[in-house]
Amino acid sequence: MRLASVLAQVQTHKPYTVTFDLTDPGAIVGAAAEILQCFGYVDVLINNAGISYRGTIVDTSLDVDRRVMETNYFGPVALTKALLPSMIRRRQGHVVAISSIQGKISVPFRSAYAASKHATQAFFDCLRAEVERHDIEVTVVSPGYIQTSLSLNAVTADGSKYGVMDETTAQGRSPSQVARDVLAAVGKKKKDVVLADVAPSLAVYLRTLAPRLFFSLMASRARKERKPKRCYVLEPPIRTWLVSGDSFCSAAPRWPQLVRLQPPHP
Ligand SMILES: NC(=O)C1=CN([C@@H]2O[C@H](COP(=O)(O)OP(=O)(O)OC[C@H]3O[C@@H](n4cnc5c(N)ncnc54)[C@H](OP(=O)(O)O)[C@@H]3O)[C@@H](O)[C@H]2O)C=CC1
Ligand SMILES: CCCCCCCCCCCCCCCC(=O)OCC(=O)COP(=O)(O)O
């Protein structure tokens, strides 16, 4: 009842949906214009859309690197630039970038994703400093795993969909809790928020304070994820095959279920 009476006093807008592709710069400009025409201004821009990736650098086509970068970095940058002048004119506005803990640490088989999120962190950190004088707030949010379709929608080395619900994703935080935490961060005008468990949060410090140890942990993680578990011999012709280890499967399932043993893939 109290909530209803508070809501009745708060001026709000009827929801309005504008659908566009973040990899299409023209569509972004058009969408921003449509949003401004409809509402006149934007109070809080939450750059949330994104795509993840699984694969080895050596096997990944440059088109895939570009696609991830276009979606996760250039898209939000373009949308922010399109809406920023109106925020500056109004001397009011809040820009949120949903990055990832992988914007602060880089883990193996996520090169394109981690790079796009590091770029996001850097861009919005610069933006925060530049627009402070216009009274505009910038919050970068770096979550750990969240229970969404991110792994299902992730792109692989050859551009196809990964299509697997990873255990890490399935066991991640609830999206509604993360949404509440993001809104709380906006309410408190927080500048940088990590929403992750202890190990990833500590890993950020480890990367800065003990980089050699961090790099060695990541190298060992890479070795483990590629480690084969079972071995089959097929004949004829006489060849030895490996079934890739479960953990590697979960990192890059597009990789062959059967891979040749000699020589083993790096
Ligand atoms: N889930 C996780 O573990 C974590 C997620 N994040 C970040 O959270 C954000 C949201 O991802 P999440 O909800 O988890 O993943 P989902 O795959 O469930 O959702 C991704 C969303 O992004 C939209 N999207 C993807 N590509 C484009 C595009 N080219 N143009 C417009 N919209 C697009 C999708 O729209 P559509 O459905 O129409 O394709 C969808 O709404 C991402 O930035 C991700 O990096 C950060 C840390 C952890
Ligand atoms: C002093 C003790 C420090 C202990 C640190 C040990 C090192 C632990 C490494 C932790 C790596 C965590 C990786 C977390 C990845 C993550 O949460 O990513 C979030 C996402 O964006 C999800 O993307 P994905 O597509 O990879 O599912």
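Residues numbered from 1 in each chain as written. Chains lettered and ligands numbered in written order. Predicted model: local features only at pLDDT ≥ 70, side-chain atom pairs only at ≥ 80, totals over all residues. Heavy atoms only, no water.

Comments concerning the sheet that holds strand E3 (residues 93-98)
Part 1 of the reasoning: Spatially, four strands are ordered E1-E3-E4-E6 in an open sheet, and the strand pairing comes out parallel. Every other strand in the sheet has two partners, leaving strand E1 (44-47) and strand E6 (192-195) as the edge strands with one partner each. Ignoring strand direction, the axes of neighbouring strands in this sheet form an average angle of 15 degrees.
Part 2 of the reasoning: Alignment of E3 against strand E4 (residues 136-143), held across six bridges, turns out to be parallel. Note on E4: the bridge partner recorded for Ala 97 is Val 140.
Part 3 of the reasoning: On top of the sheet, helix H3 (residues 62-90) reaches E1, E3 and E4; it is set at about 175 degrees to E1, its chief contact. (Pairing = 2+ DSSP bridges. Helix = DSSP H or I, 4+ residues; strand = E, 2+ residues; numbered from the N terminus. Axes fitted to C-alpha atoms, helices over the stretch in contact; angles between N-to-C directions. Contact = heavy atoms within 4.5 Å.)

Remarks on a nonpolar patch on the surface
Part 1 of the reasoning: Judged by side-chain polarity, Val 198, Leu 202, Tyr 205 and Leu 209 come together as a nonpolar surface patch covering roughly 500 Å² of accessible area.
Part 2 of the reasoning: With respect to the helices and strands, the residue Val 198 is situated in helix H8 (residues 198-209).
Part 3 of the reasoning: For Val 198, a relative accessible area of 59% corresponds to the exposed category. (Patch = residues over 30% accessible without salt bridge, like charges linked within 9 Å, V, L, I, M, F, W, Y side chains within 5 Å. Areas by Shrake-Rupley, 256 points an atom, 1.4 Å probe, with all protein chains shown as cover. Salt bridge = Lys/Arg side-chain N within 4 Å of Asp/Glu carboxyl O. Buried < 20%, exposed > 50% of the residue type's maximum accessible area, 1.4 Å probe, protein only.)

Let's talk about the site of ligand 1
Part 1 of the reasoning: Not every one of the 21 residues close to ligand 1 is listed here, only the nearest: Leu 22, Asn 48, Tyr 113, Ile 146 and Thr 148.
Part 2 of the reasoning: Measuring from an oxygen atom of ligand 1, one finds a side-chain N or O atom of Tyr 113 at 2.7 Å.
Part 3 of the reasoning: Listing elements by their share of the shell around ligand 1, those giving two or more residues are helix H4 (111-131) and helix H5 (150-153).
Part 4 of the reasoning: A per-class count over the shell around ligand 1 returns nine nonpolar, ten polar and two charged. (Near = heavy atom within 4 Å. Polar contact = N/O pair within 3.5 Å; in protein donor to acceptor, adjacent residues only side chain to side chain. Nonpolar A, V, L, I, M, F, W, Y, C, P; charged D, E, K, R; others polar.)

A closer look at the site of ligand 2
Part 1 of the reasoning: Not every one of the 16 residues close to ligand 2 is listed here, only the nearest: Ser 52, Arg 54, Ser 100, Arg 110 and Tyr 113.
Part 2 of the reasoning: Between Arg 54 and ligand 2, the recorded distance is 2.7 Å, taken from a side-chain N or O atom to an oxygen atom.
Part 3 of the reasoning: Between ligand 2 and the protein, one listed contact pairs an oxygen atom with a side-chain N or O atom of Tyr 113 at 2.8 Å.
Part 4 of the reasoning: Burial of ligand 2 by the surrounding chains reaches 80%, relative to a free accessible area of 720 Å².
Part 5 of the reasoning: Of all elements in the fold, only H8 and helix H9 (211-226) reach the threshold of two or more residues within the shell around ligand 2.

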